[in-house]
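Tertiary structure, described
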Amino acid sequence: MCGIVAYIGEKPALPILLNGLKRLEYRGYDSAGVALIEGDKLNVYKKQGKVAELEKVVNSNSEGATTGIGHTRWATHGAPNDTNAHPHYSHSKKLAVIHNGIIENYGSIKTDLSEKGYEFRSETDTEVLVNFIEDIQVSLKVTLEEAVRIALSKVIGAYAMVILSKEEPNKMIAARKGSPMVIGVGSNEYFIASDATPIIEYTKEVIYLNDEEVAVINEGELKITDIKDIPKKPEIHKLDLQLEAIEKGGYEHFMLKEVFEQPKSIADCMRGRINAAQHTLTLGGIHKYEDQLINANRVIIIGCGTSWHAGLVAEYLFEDICRIPLEVEYASEFRYRNPIINKGDIVIAISQSGETADTLAAIELAKSKGAIVFGVVNAVGSSISRITHEGAYLHAGPEIGVASTKAFTAQLTVLTMIALTVAHKKQTISQARFNDLLNELESIPAKVEKALKSDDQIKKVAGLFKDASNFIYLGRGYNFPVALEGALKLKEISYIHAEGYPAAEMKHGPIALIDENMPVVFIATRDSSYDKIVSNIQEVKSRKGKVIAIVTEGDVLIPKMADFTIEVPGTHEALMPLVSVIPLQLLSYHIAVMRGCNVDQPRNLAKSVTVE
Ligand code: G6P
């Protein structure tokens, strides 16, 4: 949450910052600001709203500034307004800081500073941090970097921060703990950002700052130490990311682009890993701890949001084909629950961003209890990919729309490959079934492509239900988590209240809501619970609910009962979520567009949730 970008070099900083902030807007978009070294001044410009609003107020004479910091905010402390927007000046206005994260002990630090005469303009923890640094610098008569290190060793919480000083215009200091930070290394220039997207058009060489590291760029030289001032050797990584991957490519929204990219992203996810013709499956990232995974007594999956839903699908699959008990936990609950982790338990953490604060903390907890933790992560080089013992990347490419789509199907693909690897090696499935599932998995991109062809039909259905106030999504077995995911997509981007339920559980509550105004989406593809879900559709129809059914192509029974049916190609039931979720993504997309909602940046949400 919150995006930070900074530049120090020879080019005009302002366009780099504004461009970078636009790329980072998915991380937060309630206010934005920049601070620039302009001659002997340190000027701050900030504005409530999107980066486009900031552009209107920023001084066009700022073109000469070659050093600056920028921030796009997702409010934690204080309302989203001009005053609470970052950057924040220190009391003397000699320092300006941008910050992503939460300083948990800001209250006590603020009280101490207030007693010393500091006054605060905003309600933020960030303004407390910058004044804390200033106070240390002045009272202990130390350099700015020393003051930063001392301050950060006393704060509790998470931060990625960059600070500028009017008195040292050629210096920039950055530090992180628990919030992501990447440094781009150009020629005579450095870029700092929450992720690589603002950097890739200038340089492909990056350094991922680690927790409790401080980077000082002074007179063109970069030095990294830890917060105790012990020097660290920076490791330069080469980015494998193209600019097109983070642009809309002719689509109206990133979300739509990402939905339509799925045949490719699923294929990319399997590339080099599956060869169905030769019956081989190789996950290069799972090697050292493969035996522990195969012999696990229990697997615990942790994640949040859509990633948690992907975990629920894996629960069905692992138990079915690997015969390993599997539990799926919200990372936020797991971390505070004193969970029991026994020898032989394996944890799998799922995360698109690789930065979700609760998931990170849950991984640390699991590791401290001796668990081997595998990561299923999309963002290359992200914190979760680095703190897990091993893992498999999604290779789905950057996902920018806040509502997760292609990451979900790539997560399912990776989890299926992990389960198949384990089942094959454990011999809990026959070679014939393994071959069959591998073949079927390889055919999924083509089936997703076909499912996307219903887009026009789905748009018409969306037009009929766009004014509904509530939706129910029902599915059974492998399609139950898909019902949860469909409901989540709808509420996230269209603000319509939607609930996902196991179809049979409807009788224990949600059925009371059904009348002629209630749209009920059934994910009713042909599988082992088909007959049961047909009965559930009848129960809804008897109460005059409006049924939208996702069915396997060629189904002749359900179209006679449902008000609307949308066909998807058939596949093995364990793989059906990869296909059946597609119409639900499109349905929520079209409804949100028709309601005039900001699909890519829905209100109150953020793509990367780096606060708990
Ligand atoms: C946010 C995003 C969701 C995502 C969830 C977990 O809520 O808006 O799309 O599913 O975080 O994020 P992660 O990056 O860990 O998958």
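This text goes with the structure placed above it.
The text that follows walks through the structure, step by step, so that each part is easy to find. (Residues numbered from 1 in each chain as written. Predicted model: local features only at pLDDT ≥ 70, side-chain atom pairs only at ≥ 80, totals over all residues. Heavy atoms only, no water.)

Counting buried positions along strand 12 (residues 213–218) yields 5 of 6 residues, so the element is predominantly enclosed. In this sheet, strand 12 lies alongside strand 8 (residues 171–177) in antiparallel orientation, the contact comprising 6 bridges. Pairing of alanine 175 across the sheet is with valine 214, part of strand 12. In this sheet, strand 13 (residues 221–226) lies alongside strand 12 in antiparallel orientation, the contact comprising 6 bridges. Bridged to glutamate 213 within strand 13 is aspartate 226. Connecting strand 12 to the next strand, strand 13, in antiparallel fashion are 2 residues, including glutamate 219 with a positive phi near 50 degrees. (Buried < 20%, exposed > 50% of the residue type's maximum accessible area, 1.4 Å probe, protein only. Helix = DSSP H or I, 4+ residues; strand = E, 2+ residues; numbered from the N terminus. Pairing = 2+ DSSP bridges.)

Near the ligand there are 13 residues, and of these Ser307, Ser351, Gln352, Ser353 and Thr356 occur at the shortest range. Within the contact set of the ligand, an oxygen atom lies 2.6 Å away from a side-chain nitrogen or oxygen of serine 307. In this structure, an oxygen atom belonging to the ligand sits 2.7 Å away from a main-chain N or O atom of glutamine 352. Notes on the ligand: free accessible area 390 Å², of which the protein chains cover 91%. In terms of residue count, helix 9 (residues 305–322) provides more of the shell around the ligand than any other element does, 3 residues in total. (Near = heavy atom within 4 Å. Polar contact = N/O pair within 3.5 Å; in protein donor to acceptor, adjacent residues only side chain to side chain. Areas by Shrake-Rupley, 256 points an atom, 1.4 Å probe, with all protein chains shown as cover.)

With that out of the way, let us pick up the nonpolar core. Core analysis: the largest hydrophobic core is formed by 96 residues, its most contacted members being Ile348, Phe471 and Tyr473. Tallying contributions element by element places helix 13 (residues 406–426) first for this core, with 12 residues. With near-sequence residues (within four places) excluded, phenylalanine 471 lies in contact with Phe465, Leu490, Ile496, His497, Ala498, Glu499, Met518, Pro519, Val521, Ile548, Leu587 and Ile591. Membership of the second largest hydrophobic core comes to 31 residues, among which are Ile16, Leu24, Ala32 and Val34. (Core = buried A, V, L, I, M, F, W, Y, C linked by side-chain atoms within 4.5 Å. Contact = heavy atoms within 4.5 Å.)

As a further point, take the layout of surface pockets. Gaps left between atoms are located by rolling a probe of water-molecule size over the structure's atoms. Here the largest pocket is characterised by a volume of approximately 1100 Å³. If you go around the largest pocket, you meet 44 residues; those closest to its centre are Leu241, Asn378, Val380, Gly397 and Pro398. Elements represented by at least two residues in the lining of the largest pocket include exactly strand 14 (237–238), helix 7 (262–270) and helix 12 (383–387). The residue inventory of the lining of the largest pocket, partitioned by class, reads 16 nonpolar, 14 polar and 14 charged. In this structure, the second largest pocket spans a volume of roughly 620 Å³. If you go around the second largest pocket, you meet 31 residues; those closest to its centre are Cys304, Gly305, Thr306, Glu492 and Val609. Top element by residues in the lining of the second largest pocket is helix 9. It accounts for 5 residues. Per-class residue counts for the lining of the second largest pocket are 12 nonpolar, 14 polar and 5 charged. (1 Å grid on protein atoms, 1.4 Å probe; cavity = no way out; pocket = protein on both sides within 12 Å on 5 of 7 lines; lining within 4 Å. Points joined across faces, edges and corners; volume = space filled by probe spheres on them. Nonpolar A, V, L, I, M, F, W, Y, C, P; charged D, E, K, R; others polar.)

Burial within strand 6 (residues 95–100) is extensive, with 6 of its 6 residues counted as buried. Side chains Leu95, Val97 and His99 of strand 6 all project onto a buried face; the interleaved residues Ala96, Ile98 and Asn100 project onto the opposite face, where all are buried too. Of the pairings in the sheet, the one linking strand 5 (residues 88–89) to strand 6 comprises 2 bridges and is antiparallel in character. Note that in strand 6 the partner of histidine 88 across the bridge is valine 97. Hairpin connection of strand 5 to strand 6: 5 residues between the antiparallel strands, including lysine 93 at a positive phi of 65 degrees. Relative to strand 7 (residues 159–165), strand 6 is paired through 6 bridges, and the arrangement is antiparallel. Each bridged residue has a counterpart across the sheet, and for asparagine 100 the counterpart in strand 7 is alanine 160.

All right, on to the packing of helix 9 against helix 17 (residues 479–494) then. The geometry of helix 9 relative to helix 17 is characterised by a closest axis approach of 8 Å and an angle of 170 degrees between their N-to-C directions. Between helix 9 and helix 17, the angle is such that the two are roughly antiparallel. When helix 9 is examined against helix 17, the residues Gly305, Thr306, Trp308, His309, Leu312, Val313 and Tyr316 are found in contact with a partner set consisting of Phe480, Pro481, Leu484, Glu485, Leu488 and Lys489. Broken down by class, the residue content of the contact of helix 9 with helix 17 amounts to 8 nonpolar, 3 polar and 2 charged. (Axes fitted to C-alpha atoms, helices over the stretch in contact; angles between N-to-C directions. Parallel < 35°, antiparallel > 145°, perpendicular 65-115°, else oblique.)

Strand order in the open sheet formed by 5 strands is 18-17-19-20-21, and the pairing between neighbours is parallel. Lying at the two open borders of the sheet, with one neighbouring strand each, are strand 18 (326–330) and strand 21 (390–393). Averaged over all adjacent pairs, the angle separating strand axes in this sheet is 20 degrees, with direction ignored. Bridge count for strand 20 (residues 372–377) against strand 21 is 4 bridges, and the pairing is parallel. Note that in strand 21 the partner of glycine 375 across the bridge is glycine 391. Sheet strands touched by helix 9: strand 17 (298–303), strand 18 and strand 19 (345–351). Its angle to strand 18, the strand with the most contacts, is close to 170 degrees. Where helix 13 meets the sheet, its contacts fall on strand 17, strand 19, strand 20 and strand 21, and the angle it forms with strand 19 comes to roughly 160 degrees.

Structural measurements only, silent on function.
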